[in-house]
Amino acid sequence: MATRIIRVMGDPVLNKKAKTVTNFGEKTVELIEDMLDTMYEAQGVGLAAPQVGILKRIVVIDVSEEQDDPIILINPEIIETSGEQRGGEGCLSVPGRQAVVTRPRHVTVQFQNRNGETIQREAEGFEARAICHEIDHLDGRLYLDVMERELTAEEIQSHIPEDDLE
Ligand code: ZN
């Protein structure tokens, strides 16, 4: 168990493009374990490697209620999208802020697992949103680059439901 420091907005590493993972050895396994520990400790639902300062195309996501069902995406690529969802979105690298972001409602993502096997996964709703958000990190984009507007402190507190934002 080891957590790493989460880089916050203003750190140039967050604006750089991450590199394809070709090594599925011990170092990559250790990075993934640390990313999971870091995400859970920060009570986040997703974390991309650049957020801990490592420019590799690795994402961890856990949108389950119990936070016990992680999805690990290595070299992820969205190969199909459909529909649209508007909703509030936050980021561990942009603490205390949220914004309205429109994302696809469904995505199909192709990625490699820890063994380097290529897998496809379909996701919808909040999981689809998280996948899009985290893959943006791998290309050096924060949600601030794609948002409609920021939420006010009052809106953040009142937990506005998805698709119910003006
Ligand atoms: Zn983020």
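Residues numbered from 1 in each chain as written. Predicted model: local features only at pLDDT ≥ 70, side-chain atom pairs only at ≥ 80, totals over all residues. Heavy atoms only, no water.

**Q** I'm lost on the overall build of the protein chain in this one. Help?
**A** Secondary structure summary: the protein chain contains three helices and eight strands in total. Each helix and strand of the protein chain, ordered N terminal to C terminal, gives the series α-β-β-β-β-β-β-β-α-β-α. For the protein chain, the C-alpha radius of gyration of 15 Å lies close to 15 Å, the compact-globule estimate for 166 residues. Its C-alpha atoms give the protein chain principal-axis dimensions of about 45 × 30 × 30 Å. (Helix = DSSP H or I, 4+ residues; strand = E, 2+ residues; numbered from the N terminus. Rg over C-alpha atoms; globule rule 2.2 N^0.38 Å.)

**Q** I keep staring at a negative patch on the surface and nothing clicks. Help me out?
**A** On the surface, a cluster of negative charge is contributed by Glu65, Glu66, Asp68 and Asp69. Inspection of the secondary structure assignment puts Glu65 in the loop between β2 (58–61) and β3 (71–82). (Patch = residues over 30% accessible without salt bridge, like charges linked within 9 Å, V, L, I, M, F, W, Y side chains within 5 Å. Areas by Shrake-Rupley, 256 points an atom, 1.4 Å probe, with all protein chains shown as cover. Salt bridge = Lys/Arg side-chain N within 4 Å of Asp/Glu carboxyl O. Lys, Arg positive; Asp, Glu negative; His and termini not counted. Charge placed at Lys NZ, Arg CZ, Asp CG, Glu CD.)

**Q** Whenever I open this one, the side chain of Glu127 confuses me. Can you help?
**A** Relative to the assigned elements, Glu127 resides in helix α2 (residues 125–138). A polar contact is formed between the side chain of Glu127 and the side chain of Arg121, at a distance of 2.7 Å. Ignoring any residue separated from it by four or fewer positions in sequence, one finds Glu127 in contact with Val63, Ile71, Arg121 and Glu122. (Polar contact = N/O pair within 3.5 Å; in protein donor to acceptor, adjacent residues only side chain to side chain. Contact = heavy atoms within 4.5 Å.)

**Q** Looking at this structure, how should I read the coordination of the zinc ion?
**A** Angles between donor atoms at a metal ideally measure 109.5 degrees for a four-coordinate tetrahedral arrangement and either 90 or 180 degrees for a six-coordinate octahedral one. Within the protein, Cys91 (SG), His133 (NE2) and His137 (NE2) serve as the donor atoms for the zinc ion, at 2.0 to 2.3 Å. Binding-site remark: the zinc ion is held by donors from one chain whose sequence spacing is C-x41-H-x3-H. Here His137 lies in helix α2 and Cys91 lies in the loop between β4 (85–90) and β5 (98–103), a separation of 46 residues in the sequence. Across the pair, exposure class does not vary: Cys91 and His137 are buried alike. (Donors = N, O, S within 2.8 Å, 3.2 Å for Na, K, Ca; no water. Buried < 20%, exposed > 50% of the residue type's maximum accessible area, 1.4 Å probe, protein only.)

**Q** Explain α2 here, please?
**A** Owing to its 3.6 residues per turn, the α-helix aligns residues three or four sequence positions apart on the same side. Here α2 is 14 residues long and its end C-alpha atoms lie 21 Å apart, about the 20 Å a rise of 1.5 Å per residue gives. Within α2, 13 of the 14 residues are buried, which leaves it mostly tucked inside the rest of the structure. A positive phi of about 80° marks Gly140, the residue just after α2. (Expected span 1.5 Å × (residues − 1).)

**Q** Which parts of the structure should I look at to understand the sheet that holds strand β7 (residues 118–124)?
**A** For sheets, the rule is that strands pair by backbone hydrogen bonds, running either parallel or antiparallel. With antiparallel pairing, the five strands of this open sheet are ordered in space as β1-β2-β3-β6-β7. Every interior strand has two partners, whereas the edge strands, β1 (46–48) and β7, have only one. On average, adjacent strands in this sheet sit at an angle of 40° to one another, irrespective of strand direction. In terms of strand pairing, β1 meets β2 through three bridges, oriented antiparallel. Bridge pairing in β2 places Ala48 opposite Val59. The strands that helix α1 (residues 26–41) touches are β1, β2 and β3; relative to β2, the one it contacts most, it runs at about 40°. (Pairing = 2+ DSSP bridges. Axes fitted to C-alpha atoms, helices over the stretch in contact; angles between N-to-C directions.)

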